[in-house]
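Here is what each chain is made of, one letter per residue.
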Amino acid sequence: MSFYENLVMQTQLNYSRYYGVYAAGKTPYELADKKALTYEKQIEALLQELEEADCVVVGGASGLSAAGGGDFYYGNTPSFQKYFGKFAKKYGFEGAFAGMQFSFAAREERWGYIATFLNTTQKAPVREPYLDLDRLLQGKDFHILTTNQDTQFVKLYPEEKVSEIQGDHRFFQCSRCCEDDTWDAVKPVEEMIQAMGEGTFVPTELIPRCPHCGAEAFPWVRGYGNFLQGKKYDGEYQKISEYIQKNRDKKILFLELGVGRMTPMFIQEPFWNLTLNLPKARYIAVNDRYDFLPKEIEDRGMVIMGDIARVLKDAAESVPVKNAGKKRA
Ligand SMILES: [Zn+2]
């Protein structure tokens with residue numbers, strides 16, 4: 001098992017042990033009682049820490065995508081109505097995930113929905129907070145770790161700079177995990193969307209199937225109980241593990257963006273652990289709801305409480321534009 005996955009596994013044990021605490025929106029860690037700087041000072045400190053870091057590990061979680069208008073997952077938001085309106089009207093779903101959990105009577109309609117879901121994220125432009133983050137990372141050595149499956153980061157950066165440990169909407173796997181294989185989902189999704197038109201059903205023959213056993217395909221994502229943790233998954237963990245191990249003695253900044261309370265085990269707590277244990281590590285989190293800085297690392301970092309889009313915008317505006325937004329090698 002790779003170094004980073006091992007950290008996640010340890011954290012997961014802790015999570016099960018203290019499940020009630022986490023479920024109540026808290027943390028079992030003793031927190032710093034240090035008073036936070038003013039917002040302006042925090043933005044200055046963020047820029048300073050970025051400037052001084054030899055390298056940056058960005059942990060991008062759900063709050064980051066939601067901040068940029070990708071807020072169609074959990075509620076009946078305007079963006080949900082825009083992309084999923086015909087399904088929302090027919091079934092009263094409130095948020096894209098509700099439809100993914102729904103038992104459609106026909107497989108053709110189930111796939112009409114899945115195709116709509118994948119098409120929405122595959123085709124989405126790179127959102128503003130990601131572009132602002134990109135400006136902040138100009139000229140830095142960095143690696144991205146993300147639990148977001150919506151492909152925003154891979155639209156900006158080459159695959160080797162991004163570890164997508166919860167899957168990626170551009171790929172299918174076998175729904176039965178019969179073989180350790182993933183394949184392109186972009187073209188089949190495009191064909192389903194075209195064939196579906198204004199309706200909600202795709203033609204039976206377009207339902208994507210596993211090339212090995214003929215079972216239905218499924219998006220390569222965690223969250224539905226059949227996530228394929230094979231060679232592609234290991235590869236994602238390998239990238240982040242190698243990056244951290246290679247840079248472990250440098251001034252490494254862990255920048256956590258938008259981690260929610262139900263999944264502290266992938267980014268947040270491994271970052272806390274690494275900040276504590278690597279000699280020159282620093283930690284900054286941006287979170288709109290939780291101000292959690294463990295006491296053990298209170299002198300090694302801070303939490304900026306606030307709207308992620310605004311924080312990144314305010315910080316990025318003090319950085320000159322070079323080639324932000326262009327895919328870099
Ligand atoms: Zn199969």
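Anything mentioned here points back to the structure above.
This structure is a prediction, so every number in the text was calculated from the model and none was measured.

Caption draft 1: Quick peek at the packing of aromatic side chains. Scanning all chains against the criterion turns up 34 aromatic pairs. For the ring pair Phe 171 and Trp 220, a centre distance of 6.5 Å and an interplane angle of 85° mean the geometry is edge-to-face. Placement of the pair is Phe 171 in strand β4 (residues 167-174) and Trp 220 in strand β6 (residues 217-221), with a sequence separation of 49 residues. An identical accessibility class is assigned to Phe 171 and Trp 220; each is buried. Geometry around Phe 171 places Lys 232 over its ring, the cationic atom sitting 4.2 Å from the centre.

Caption draft 2: Structural context of the coordination of the zinc ion. At this site the zinc ion is bound by Cys 174 (SG), Cys 178 (SG), Cys 210 (SG) and Cys 213 (SG), with donor distances of 2.3 Å. One way to put it: the four donor atoms around the zinc ion meet at angles of 105 to 114°, and that makes the site tetrahedral. When its relative accessible area of 34% is taken as the criterion, Cys 213 is described as partly exposed.

Caption draft 3: Summary view of the sheet that holds strand β7 (residues 252-257). Taken together, the six strands give an open sheet; going across it, the order is β3-β2-β1-β7-β8-β9, and neighbouring strands pair in parallel fashion. The open sheet has two free edges, formed respectively by β3 (162-164) and β9 (301-305), since each of these has just one partner strand. Neighbour-to-neighbour, the strand axes of the sheet open up by a mean angle of 15°, direction not taken into account. Looking at chain direction, strand β1 (residues 55-60) and strand β2 (residues 141-146) are connected through six bridges and run parallel. Bridging from a neighbouring strand, Gly 59 pairs with Leu 145 of β2.

Caption draft 4: Main features of the packing of helix α1 (residues 3-17) against helix α11 (residues 231-246). Where α1 meets α11, the axes come as close as 6 Å, and the angle between the chain directions of the two elements is 100°. The orientation of α1 with respect to α11, classified from their angle, is roughly perpendicular. Of the residues in α11, those touching α1 at Phe 3, Tyr 4, Glu 5 and Val 8 are Tyr 233, Asp 234, Tyr 237, Ile 240, Ser 241, Ile 244 and Gln 245. A breakdown of the residues in the contact of α1 with α11 according to their chemical character gives seven nonpolar, two polar and two charged.

What counts and how
Residues numbered from 1 in each chain as written. Predicted model: local features only at pLDDT ≥ 70, side-chain atom pairs only at ≥ 80, totals over all residues. Heavy atoms only, no water. Phe/Tyr/Trp six-rings, centres within 6.5 Å; stacked < 30°, edge-to-face > 60°. Helix = DSSP H or I, 4+ residues; strand = E, 2+ residues; numbered from the N terminus. Buried < 20%, exposed > 50% of the residue type's maximum accessible area, 1.4 Å probe, protein only. Lys NZ or Arg CZ within 6 Å of the ring centre and 35° of its normal. Donors = N, O, S within 2.8 Å, 3.2 Å for Na, K, Ca; no water. Tetrahedral: all angles 85-135°; square planar, octahedral: opposite > 155°, others 65-115°. Pairing = 2+ DSSP bridges. Axes fitted to C-alpha atoms, helices over the stretch in contact; angles between N-to-C directions. Parallel < 35°, antiparallel > 145°, perpendicular 65-115°, else oblique. Contact = heavy atoms within 4.5 Å. Nonpolar A, V, L, I, M, F, W, Y, C, P; charged D, E, K, R; others polar.

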